[in-house]
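Coordinate inspection notes
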Amino acid sequence: SRGPTLGTLLFEGPEAGSWRVVLVTPISLQVFKGHDATAVPLEERTLAAINDHRPFTSFCVSEDTIDAGSEEAKSKKLALGCQDGTIMLFELSEGTVKGPLLQLALQDGAAAPHGRGHEDSITAVLLHSGKQVFAGTLGRCACWDLQTGELQREFHLPGGQDSIAAP
């Protein structure tokens with residue numbers, strides 16, 4: 001039997017006219033060839049990050065390419081929110097998911113740039129203007145700079161842990 005799906009994404013494959021489908025579920029992230037549904041293997045580093053931080057609670061894909069300084073560095077990004085409070089940023093390139101490029105976490109009442117967060121699940125994640133990532137959990141929302149991984153701002157909602165924060 002099949003479990004719940006957080007979402008899917010169709011993006012260009014490595015060959016002209018080819019497509020890939022990304023399937024995100026609470027316990028996996030998989031890539032398939034669009035024309036025959038053959039699984040595309042993920043890099044070891046990507047698999048390790050997925051295994052370390054699942055289950056996933058939310059995801060978002062950048063609408064536009066994110067400029068990392070040069071034409072070659074432009075690519076779409078995928079952000080995953082995790083139950084352990086971690087946000088992971090991946091690159092969609094060469095027909096697969098690569099990374100994580102960045103791992104962020106909400107930790108001990110403050111945002112932390114790396115590592116495992118507290119046990120509040122990330123309820124929503126948003127990639128904004130190719131420059132920022134917002135992540136919400138119970139009672140708060142944080143915003144980081146995508147280039148540096150530095151926390152820019154943290155918002156606390158009235159009612160604290162009783163209110164779900166959505167970017």
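Quick note: structure is the one above.
The structure contained in this document is the topic of the report that follows.

Calculation notes
Residues numbered from 1 in each chain as written. Predicted model: local features only at pLDDT ≥ 70, side-chain atom pairs only at ≥ 80, totals over all residues. Heavy atoms only, no water. Helix = DSSP H or I, 4+ residues; strand = E, 2+ residues; numbered from the N terminus. Contact = heavy atoms within 4.5 Å. Areas by Shrake-Rupley, 256 points an atom, 1.4 Å probe, with all protein chains shown as cover. Salt bridge = Lys/Arg side-chain N within 4 Å of Asp/Glu carboxyl O. Buried < 20%, exposed > 50% of the residue type's maximum accessible area, 1.4 Å probe, protein only. Polar contact = N/O pair within 3.5 Å; in protein donor to acceptor, adjacent residues only side chain to side chain.

Overview of the overall build of the protein
- Of the regular secondary structure elements, the protein holds one helix and 13 strands.
- Listing the helices and strands of the protein from first to last along the sequence gives β-β-β-β-α-β-β-β-β-β-β-β-β-β.
- Taking the contacts inside the protein whose residues are at least 6 apart along the sequence as the reference set, 44% of them involve residues at least 24 apart.
- Accessible surface, the protein as shown: approximately 8600 Å² in total, 51% of it carbon and sulfur.

Comments concerning the pattern of salt bridges
- Overall, the coordinates contain three salt bridges when judged by the stated rule.
- Glu 94 is the partner of Lys 98 in a salt bridge, and the nearest nitrogen-oxygen pair spans 2.8 Å.
- Residue Lys 98 is classed as buried on the basis of its relative accessible area, which comes to 17%.
- Glu 94 sits in the exposed class, given a relative accessible area of 60%.
- Between Arg 140 and Glu 154 there is a salt bridge; the shortest N-O distance is 3.0 Å.

Examining the side chain of Thr 25
- The topology assignment puts Thr 25 in strand 2 (residues 19–25).
- The exposure class of Thr 25 is buried, given its relative accessible area of 11%.
- Of the polar contacts made by the side chain of Thr 25, one reaches the side chain of Ser 28; its length is 2.9 Å.

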